[in-house]
Amino acid sequence: SAGDWSLRQTGPAFMAGWNQFFYAPIDARRMALIRIGFALLILIYMAILYPDLSTWYGPQGLYSADADAETAIPQQWSVLRWLPTEPAEAEVWLHRIFWVHIACTLMLLFGFLSRINSVIVYVLLVSWQWRNPLILDGEDSVFRLVGFFLILMPSGRAWSIDRWIFSRSKDA
């Protein structure tokens, strides 16, 4: 009933809930599951992009480097904007960056240097997305958010090569 609610009862209950939500220990396997799921989704995302990589991101693609330079705003940074201006060389670097992204995503999937690779995967993901904002949709925003939060998570504490290395060094 409405008479049972009082500030004296609600305040401590709210604070207990707050502390439970923000400060209670969480099973590391949850964060590992997020890391693995995110990495798998990024691999699928990149596999879908690869056949049309030059079309979407190439210097002479549908959204050319010149058009990107004219419309880019400073908050939408991208590593891909540092590509060489000569088309053949830019194309080679585009594919190199793509495969670096795949390699770092695979290392993230297996939990090798999880924190470092989550930063690299996030930076490259944002770089792809801001290089051609014409093909963005809702999933891209979710990927950016999850990627950013993954940087802050101790996602390498379970089901990872990081954990295996840590436990072996602890035993030695």
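Please refer to the structure placed before this passage.
Below or above, wherever it landed, is the structure these notes cover. Worth saying up front: this structure is predicted, and the values here are computed from it rather than measured.

1. Concerning the layout of surface pockets
Stage number 1. Roughly 250 Å³ of internal volume is contained in the largest pocket.
Stage number 2. Around the largest pocket, the lining comprises 15 residues; the ones closest to its centre are Pro 59, Ala 65, Asp 66, Pro 84 and Thr 85.
Stage number 3. For the lining of the largest pocket, the element with the most residues is helix α4 (residues 65-71), which contributes four residues.
Stage number 4. Split by residue class, the lining of the largest pocket holds nine nonpolar, two polar and four charged.
Stage number 5. If you add up the space inside the second largest pocket, you get close to 170 Å³.
Stage number 6. Every residue lining the second largest pocket is listed: Ser 114, Arg 115, Met 153, Pro 154, Ser 155, Gly 156, Arg 157, Asp 162, Arg 163 and Phe 166.
Stage number 7. Of all the elements, helix α8 (residues 161-171) adds the most residues to the lining of the second largest pocket, at three residues.
Stage number 8. Tallied by class, the residues present in the lining of the second largest pocket amount to three nonpolar, three polar and four charged.

2. Section: the pattern of salt bridges
Stage number 1. Under the counting rule described, the total for this entry stands at two salt bridges.
Stage number 2. Where Asp 27 meets Arg 29, a salt bridge forms, and the shortest distance between an N and an O atom there is 2.6 Å.
Stage number 3. Taking the relative accessible area as the measure of exposure, Asp 27 reaches 33% and is therefore partly exposed.
Stage number 4. Of the charged contacts in the structure, one is a salt bridge between Arg 81 and Asp 68, with a shortest N-O distance of 2.6 Å. Placement of Arg 81 in the loop between α4 and α5 (87-110) and of Asp 68 in helix α4 is noted, with a sequence separation of 13 residues between them.
Stage number 5. Judged by its relative accessible area of 27%, Arg 81 falls in the partly exposed class.

3. Notes on a positive patch on the surface
Stage number 1. Where like charges cluster on the molecular surface, the positive patch consists of Arg 115, Arg 157, Arg 163 and Lys 170.
Stage number 2. Here Lys 170 shows up in helix α8.
Stage number 3. Taking relative accessible area as the criterion, Lys 170 reaches 60% and is therefore assigned exposed.

4. A look at the nonpolar core
Stage number 1. In this structure, Phe 38, Ile 42, Met 46, Tyr 57, Leu 94, Ile 97 and Trp 128 are the most contacted members of the largest nonpolar core, which totals 28 residues.
Stage number 2. Elements represented by at least two residues in this core include exactly α2 (28-49), α3 (53-57), α5, α6 (114-131) and α7 (138-152).
Stage number 3. The contacts of Ile 97, once residues within four sequence positions are left out, are Val 79, Leu 80, Leu 83, Leu 124 and Trp 128.

5. What about the side chain of Ser 114?
Stage number 1. Along the chain, Ser 114 turns up in helix α6.
Stage number 2. If near-sequence neighbours (up to four positions away) are discounted, Ser 114 is found in contact with Arg 35, Leu 108, Ser 155, Gly 156 and Asp 162.

6. Considerations on the packing of α5 against α6
Stage number 1. α6 packs onto α5 with a crossing angle of 140° between their chain directions and a minimal axis gap of 9 Å. Two packed elements cross with a definite hand, and for α5 against α6 that hand is left-handed. Contacts from Leu 94, Ile 97, Phe 98, Val 100, His 101, Cys 104, Thr 105, Met 107 and Leu 108 in α5 reach Ser 114, Asn 117, Ser 118, Ile 120, Val 121, Leu 124, Leu 125 and Trp 128 in α6.

7. Section: unusual backbone geometry
Stage number 1. Here Leu 113, not a glycine, exhibits a phi torsion of approximately 50°, which is positive.
Stage number 2. Following the sequence through the fold, Leu 113 ends up in the loop between α5 and α6.
Stage number 3. At Trp 159, a residue that is not glycine, the phi angle is positive and equals roughly 50°.
Stage number 4. Relative to the assigned elements, Trp 159 resides in the loop between α7 and α8.

Conventions used here
- Residues numbered from 1 in each chain as written.
- Predicted model: local features only at pLDDT ≥ 70, side-chain atom pairs only at ≥ 80, totals over all residues.
- Heavy atoms only, no water.
- 1 Å grid on protein atoms, 1.4 Å probe; cavity = no way out; pocket = protein on both sides within 12 Å on 5 of 7 lines; lining within 4 Å.
- Points joined across faces, edges and corners; volume = space filled by probe spheres on them.
- Helix = DSSP H or I, 4+ residues; strand = E, 2+ residues; numbered from the N terminus.
- Nonpolar A, V, L, I, M, F, W, Y, C, P; charged D, E, K, R; others polar.
- Salt bridge = Lys/Arg side-chain N within 4 Å of Asp/Glu carboxyl O.
- Buried < 20%, exposed > 50% of the residue type's maximum accessible area, 1.4 Å probe, protein only.
- Patch = residues over 30% accessible without salt bridge, like charges linked within 9 Å, V, L, I, M, F, W, Y side chains within 5 Å.
- Areas by Shrake-Rupley, 256 points an atom, 1.4 Å probe, with all protein chains shown as cover.
- Lys, Arg positive; Asp, Glu negative; His and termini not counted.
- Charge placed at Lys NZ, Arg CZ, Asp CG, Glu CD.
- Core = buried A, V, L, I, M, F, W, Y, C linked by side-chain atoms within 4.5 Å.
- Contact = heavy atoms within 4.5 Å.
- Axes fitted to C-alpha atoms, helices over the stretch in contact; angles between N-to-C directions.
- Left-handed = near helix turned anticlockwise from the far one by under 90°.

Any functional reading would require information beyond the geometric quantities listed.
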